[in-house]
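The lines below spell out each chain.
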Amino acid sequence: MASNYDKWVEIATKQMKGKTPDTLNWRSPEGITVKPLYTSDDLQGLNFIDKQPAMPPYTRGPMATMYAGRPWTIRQYAGFSTAKASNEFYRKNLAAGQKGLSVAFSLSTHRGYDSDNPRVAGDIGKAGVAIDSIEDMKILFDGIPLDQMSVSMTMNGAVIPILAMWIATAEEQGVKQEQLNGTIQNDILKEYLTRNTYIYPPEPSMRIVSDIMAYCSKHMPRYNTISISGYHIMEAGADSVLQCAFTLADGVEYVRTALKAGMDIDTFAPRLSFFFGVGMNFFMEIAMLRAARTLWYELMQQFNPKDPRSSMLRTHVQTSGWSLTEQDPYNNIIRTTIEAMSAVLGGTQSLHTNSFDEAVCLPTEFSARIARNTQIIIQEESQVCKVADPLGGSYYIERLTNDIVEGARKIINEVEELGGMAKAIASGMPKMRIEESAARRQARIDQGKDVIVGVNKYRLKDEKLDFEILEVPDSVRLEQIERINQTKKDRDSARCQAALDAITKAAEGNGNLLEVAIEAAKARATVGEISDAMEKVFGRYTATTQCVSGAYSSEYSEVNDESAKVIEELRKRTNDFAEKQGRRPRILVTKMGQDGHDRGIKVVASSYADLGFDVDISPMFQTPEEAAKMAIENDVHVVGASSLAAGHKTLVPELIEELKKQGASEIIVVAGGVIPPSDYDFLYNAGCKGIYGPGTPITQSAANVLDLIEGKAK
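Described below are features of the structure shown in this document. (Residues numbered from 1 in each chain as written. Predicted model: local features only at pLDDT ≥ 70, side-chain atom pairs only at ≥ 80, totals over all residues. Heavy atoms only, no water.)

### A look at the overall build of the protein
Helix and strand content of the protein: 27 helices and 16 strands. Relative to the globule expectation of 27 Å for 714 residues, the C-alpha radius of gyration of the protein, 26 Å, shows essentially globular dimensions. With the C-alpha coordinates aligned to their principal axes, the bounding extent of the protein is approximately 85 × 70 × 50 Å. Scored against the burial criterion, the 714 residues of the protein give a buried share of 59%. If you take every contact in the protein between residues at least 6 apart in sequence, the share linking residues at least 24 apart comes to 79%. For the protein, the accessible surface area stands at approximately 28300 Å², while carbon and sulfur atoms represent 50% of it. (Helix = DSSP H or I, 4+ residues; strand = E, 2+ residues; numbered from the N terminus. Rg over C-alpha atoms; globule rule 2.2 N^0.38 Å. Buried < 20%, exposed > 50% of the residue type's maximum accessible area, 1.4 Å probe, protein only. Contact = heavy atoms within 4.5 Å. Areas by Shrake-Rupley, 256 points an atom, 1.4 Å probe, with all protein chains shown as cover.)

### Here's the deal with the pattern of salt bridges
For the structure on display, the rule yields 44 salt bridges. Where Glu-171 meets Lys-522, a salt bridge forms, and the shortest distance between an N and an O atom there is 2.6 Å. With Glu-171 in helix H5 (residues 159-173) and Lys-522 in helix H19 (residues 513-522), this pair connects stretches of sequence that are 351 residues apart. The residue Arg-440 makes a salt bridge to Glu-436 at a minimum N-O spacing of 3.1 Å. Placement of the pair is Arg-440 and Glu-436 together in helix H16 (residues 429-447), with a separation of four residues, close to one helical turn. Overlapping salt bridges, with partners in common, bring together Arg-60, Arg-290, Asp-389 and Glu-398 in one network. (Salt bridge = Lys/Arg side-chain N within 4 Å of Asp/Glu carboxyl O.)

### What to know about the sheet that holds strand S14 (residues 638-643)
The parallel open sheet is built from five strands, whose spatial order is S13-S12-S14-S15-S16. Unpaired on one side and paired on the other, strand S13 (614-617) and strand S16 (690-692) mark the two borders of the sheet. Averaged over neighbouring strand pairs, the angle between their axes works out to 20° when direction is ignored. Its contacts with the sheet put helix H24 (residues 624-633) on strand S12 (586-590), S13 and S14, and the angle it makes with S12 is roughly 160°. (Pairing = 2+ DSSP bridges. Axes fitted to C-alpha atoms, helices over the stretch in contact; angles between N-to-C directions.)

### Topic: the side chain of Glu-326
Note that Glu-326 resides in the loop between strand S10 (315-319) and helix H12 (331-346). Leave out the neighbours within four places in its chain, and Glu-326 touches Ala-359, Val-360, Leu-465, Ile-675, Pro-677, Tyr-680, Gly-693 and Pro-694.

### Points about the nonpolar core
Counting residues in hydrophobic clusters, the biggest one holds 103 residues, and the most contacted among them are Phe-246, Leu-248 and Trp-296. Sort the elements by how many residues they give to this core and helix H9 (residues 240-260) lands first, with eleven residues. Residues within four places of Leu-248 in sequence aside, it is in contact with Phe-274, Phe-276, Ala-292, Leu-295, Trp-296, Leu-299, Leu-313 and Ile-412. In this structure, Ile-184, Tyr-223, Ala-368 and Ala-523 belong to the second largest nonpolar core, which totals 61 residues. (Core = buried A, V, L, I, M, F, W, Y, C linked by side-chain atoms within 4.5 Å.)

### Regarding unusual backbone geometry
In this structure, the amide linkage connecting Pro-56 to the following residue, Pro-57, adopts the cis form with an omega of 5°. Mapped onto the secondary structure, Pro-57 falls in the loop between strand S2 (33-34) and strand S3 (73-78). Positive phi values are uncommon outside glycine, yet Lys-17 reaches one of about 55°. Its place among the elements puts Lys-17 in the loop between helix H1 (4-15) and strand S1 (26-27). Given a relative accessible area of 77%, Lys-17 falls into the exposed group. Notably, Met-66 is not glycine yet its phi reads approximately 45°, a positive angle. Among the secondary structure elements, Met-66 is positioned in the loop between S2 and S3.

### Concerning helix H17 (residues 475-490)
Residues spaced three or four apart along an α-helix point in a common direction, a consequence of the helix completing one turn every 3.6 residues. Taking 1.5 Å of rise per residue, 16 residues should cover 22 Å, and H17 covers 23 Å from first to last C-alpha, within 8% of that figure. Contacts made by the buried residues of H17 are with helix H4 (134-140). (Expected span 1.5 Å × (residues − 1).)

### What to know about the environment of Gly-237
Here Gly-237 shows up in the loop between helix H8 (231-235) and H9. Distance in space between the C-alpha atoms of Gly-237 and Gly-539 is 30 Å, their sequence separation being 302 residues. Excluding its chain neighbours within four sequence positions, the residues that come into contact with Gly-237 are Ile-434, Ser-437, Ala-438 and Arg-599.

### Structural notes on the packing of aromatic side chains
All told, the structure shown has 18 aromatic pairs when counted by the stated rule. Ring plane angle 40° and centroid distance 4.8 Å describe the contact between Tyr-608 and Phe-613, whose orientation is recorded as tilted. Taken as a pair, Tyr-608 and Phe-613 share a single burial class, namely buried. Here the basic side chain of Arg-111 rests over the ring of Phe-621, its NZ or CZ set 3.5 Å away from the ring centre. Here the guanidinium or amino end of Arg-599 rests over the ring plane of Trp-322, the centre of that ring lying 3.7 Å away. (Phe/Tyr/Trp six-rings, centres within 6.5 Å; stacked < 30°, edge-to-face > 60°. Lys NZ or Arg CZ within 6 Å of the ring centre and 35° of its normal.)

### Overview of the side chain of Asp-132
Inspection of the secondary structure assignment puts Asp-132 in the loop between helix H3 (107-110) and H4. Summary of buried charges: Asp-132 has no salt-bridge partner, and the nearest side chain of opposite charge, Arg-483, is 6.7 Å away. (Lys, Arg positive; Asp, Glu negative; His and termini not counted.)

Below, the structure is given as structure tokens:
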């Protein structure tokens, strides 16, 4: 007798005019085969599906009633310009229903530089709030009671001075350390992997992580000492399996670091938290969060914890920034809503929703309100908070959860075979896997295999931005420098120097770096001074830059259509150029300033190389002068400057001037990334020859760059 499934196959085959349903199978970027129908047969052998929320392995959530008992925390990530401007923004958001603060810091602050350092002239306050001393931190939290407010701070590189200044600020508010509640990201491993806002080499950086965990476990029992971040791994191009695997492998490395430092597993593990990113693959993202909880429980058992909380994965989630488009940007409101729902149905403990204009500029008060209200409406109107894990038991979700568990487990085992995540990062394996995933994704978008509405399908004929653009003026840097000078003038110089000397001594020996840095913060030492005091011992880390090859073009190899013809035409053009000119068209791809997001330059570099260009990639964090010097030394035809953090109006014109100054005005400069269209004329007038915003197909930009080079070469 035929089963119900067999009957369904028969019906579906008839309706599809002879084609069987398996022709609709989809192979996801993670390598998971997704079928058009799931049944109870797909749940055979799964050992976690009968466990309820708050029961190991916590697949269905760490809390018994989840949102039915208490909704997730609305924690919007924000900060820009000065501490005063950010403080006003925070207070408005809190009054409008936001429940916790999540602070975005200036790139200069992330990298341990004060605002008066010439290397950061184009970065101050552009992508986060600039903090130079405790005086800035006091302004940032003015009128915000730190004994009542949960504060999350995304900081890794300059984590010691920033956390020290926050603790000292609380004490000057009259708040005791044991009253403080919140999270410091303190996740340095993913900086070497993706985000790149590191300062010191890996070994001393891991010591900083353990010093913070040790100090806070003793003095700040309510505080989360680390937020292990998969968000930037996703934003760099990782699919859901890679994000899950590398994030959890980072977590295991931190656990081992703390144990090596002599800490007991149950004194710090309950305060570990995670931070995942979610994109537009709705069910995959839900399953990833459930898989992460399942795997973390499994991984923690090797350390024999006694406290059940040591094995519970608690997480913050942020919707994807990379999925936001410059084209038809109001579509981003819909994207963010879908992503927020996947985070909620996946069981997050707190959530940040991105603003629709972030592919163009910093969020305005108007766009931030829409992003915040997205969460409030989901909490208050959708009724999804009435039931814990409402998708639990779904044939598809449970199977997908298991598929991600199995895929991520294999990758984690690979990491273990390399000696753990620190050694895996040193080998380059995780970074190359992520960059390959990013290049393949870009190729699928450029071909239209992965549809982006308003970009490669349903594109508007006439695109106009009709919303406010938030721009941080250059005067912010001057304000910061003025406050630095005043702070240094008013402080007790001898006390400050003694505190800085104590930091250097602690770095040389075994003293706790956070403990001595708190005293330096109280003595009005600056972020740069505290960072420099450790750099004397640790040095400043410089990463080697490389990219994958073949990933972009391989996504075209299976296609015998117009997309493949475009690739072949571009390769023919670069080959013809080489025959005529005696060398291939050569481009230097650079990321100037202190923004460490390198997905854009890595995708451009690897795909341009696949198209027949000779490609050089600059080291991260170059100044315009250094980029110009490298372009001349490498004898390139064009420099491609990548921008994400609003420094383009300073850095790109300075690069063009430096090329002229160094006698190389013939080198073409183009720019790409998050650049508001309203700034295009400014850059063109400064001498930029091409601008390629988010969503520009690689093939289109490459063809245009070739036109520019060939025009010069004639």
